[in-house]
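Listed here are the chains, written in short residue letters.
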Amino acid sequence: QVQLVESGGGLVQAGGSLRLSCAASGRTFSRYDMGWFRQAPGKEREFVAVVNRNGNTYYEDSVKGRFTISRDNAKNTVYLQMNSLKPEDTAVYYCAARWTYGISTHAKGYDYWGQGTQVTVSS
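The structure displayed is predicted, hence computed values, not measured ones.

### Focus on the packing of aromatic side chains
Point 1. Tallied over the full model, the rule gives eight aromatic pairs.
Point 2. Seen from their ring centres, phenylalanine 37 and phenylalanine 47 are 5.7 Å apart, and the 75 degrees between their planes marks the pair as edge-to-face. Here phenylalanine 37 is found in strand 4 (residues 33-39), whereas its partner phenylalanine 47 is found in strand 5 (residues 46-51), with ten residues between them in sequence. As far as burial versus exposure is concerned, phenylalanine 37 and phenylalanine 47 are alike and both buried.
Point 3. Clustering of aromatic rings is evident, with ring pairs tying together Phe37, Phe47, Tyr58, Tyr94, Tyr110 and Trp113.
Point 4. If you follow arginine 45 out to its NZ or CZ, it ends over the ring of tryptophan 113, 4.9 Å from the centre.
Point 5. Positioned above the aromatic ring of phenylalanine 29, the side-chain terminus of arginine 71 is 4.8 Å from the ring centre.

Now the structure itself:
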């Protein structure tokens, strides 16, 4: 069982950077794969990045090379460093935890969700 709280969202100009944090509670945080998803108005929730329990990472093509996901198990926290932000990155960003073994890029594959944090990139 985990509870997730995102922070770090805000308003930034195109080309700027933000770092999102997701603080988790739970005795077995290190056993979970941790993912980031985003949802823009009128669009489906989409996969952004994941770091699994072994430290392996996977990114959606549109953020590859710009975003970096990482985790600090000692702090029960996962991060999403976002550089070279574009207006199309504007969305509510959600942290999610997955118990089942195996990396997933589908929202339905995740068991626990944070409340989301707004990221707005102005042109």
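Don't stop here, the text continues.
### What about the environment of glycine 10?
Point 1. With respect to the helices and strands, the residue glycine 10 is situated in strand 2 (residues 10-13).
Point 2. Excluding anything up to four places from it in sequence, glycine 10 contacts Leu18, Gln118, Val119 and Thr120.

### Remarks on the nonpolar core
One broad rule of soluble globular proteins: the nonpolar side chains tend to lie buried together.
Point 1. In terms of nonpolar packing, the biggest core is built from 29 residues, with Met34, Trp36, Leu80, Met82 and Tyr93 touching the most fellow members.
Point 2. Only strand 3 (18-25), strand 4, strand 5, strand 7 (67-72), strand 8 (77-82), strand 9 (91-98) and strand 11 (117-122) provide two or more residues apiece to this core.

### Points about the state of the cysteines
Point 1. Applying the stated criterion across every chain yields a total of one disulfide.
Point 2. The residue that forms a disulfide with cysteine 22 is cysteine 95, at a sulfur-sulfur distance of 2.1 Å. On the S-S bond that ties cysteine 22 to cysteine 95, the torsion sits near -80 degrees, and the link is left-handed. One end of the pair, cysteine 22, is in strand 3; the other, cysteine 95, is in strand 9, with 73 residues separating them in the sequence. Like cysteine 22, the residue cysteine 95 is buried in the burial classification.

### Considering the pattern of salt bridges
Point 1. All chains considered together, the criterion is met by five salt bridges.
Point 2. Among the ionic pairs, arginine 38 bridges to glutamate 46, the shortest N-O distance being 2.7 Å.
Point 3. Under the relative-accessibility criterion, arginine 38 is labelled buried at 6%.
Point 4. A single network of salt bridges, built from pairs that share partners, joins Arg38, Glu46, Arg66 and Asp89.

So, how was this worked out
- Once a new chain begins, its residue numbering starts again from 1 and follows that chain's sequence as written.
- Local features in this predicted model are restricted to residues whose pLDDT is 70 or higher, and side-chain atom pairs enter the listing and the counts only when it is 80 or higher, whereas totals over whole chains, interfaces and linings include all residues.
- In computing side-chain values, all of the structure's heavy atoms are included and hydrogens and water are not.
- Between rings of Phe, Tyr and Trp, where Trp is taken as its six-membered ring, a pair exists when centres lie within 6.5 Å; planes separated by under 30 degrees are stacked, by over 60 edge-to-face, and by other angles tilted.
- Comment: elements are numbered from the N terminus, with helices defined as DSSP H or I runs of at least four residues and strands as E runs of at least two.
- Burial classes: relative accessible area under 20% of the type maximum marks a residue as buried, over 50% as exposed, and values in between as partly exposed (1.4 Å probe, protein chains only).
- When the NZ atom of lysine or the CZ atom of arginine is within 6 Å of a ring's centre and also within 35 degrees of its normal, the charge is said to sit over that ring.
- Note on contacts: a residue pair is in contact if any heavy atoms of the two residues lie within 4.5 Å.
- The definition of a nonpolar core used throughout is a set of buried Ala, Val, Leu, Ile, Met, Phe, Trp, Tyr and Cys residues joined through side-chain atoms within 4.5 Å.
- Pairs of cysteine sulfur atoms within 2.5 Å are what we label disulfides.
- Salt bridges are defined by distance alone: a side-chain nitrogen of Lys or Arg within 4 Å of a carboxyl oxygen of Asp or Glu.

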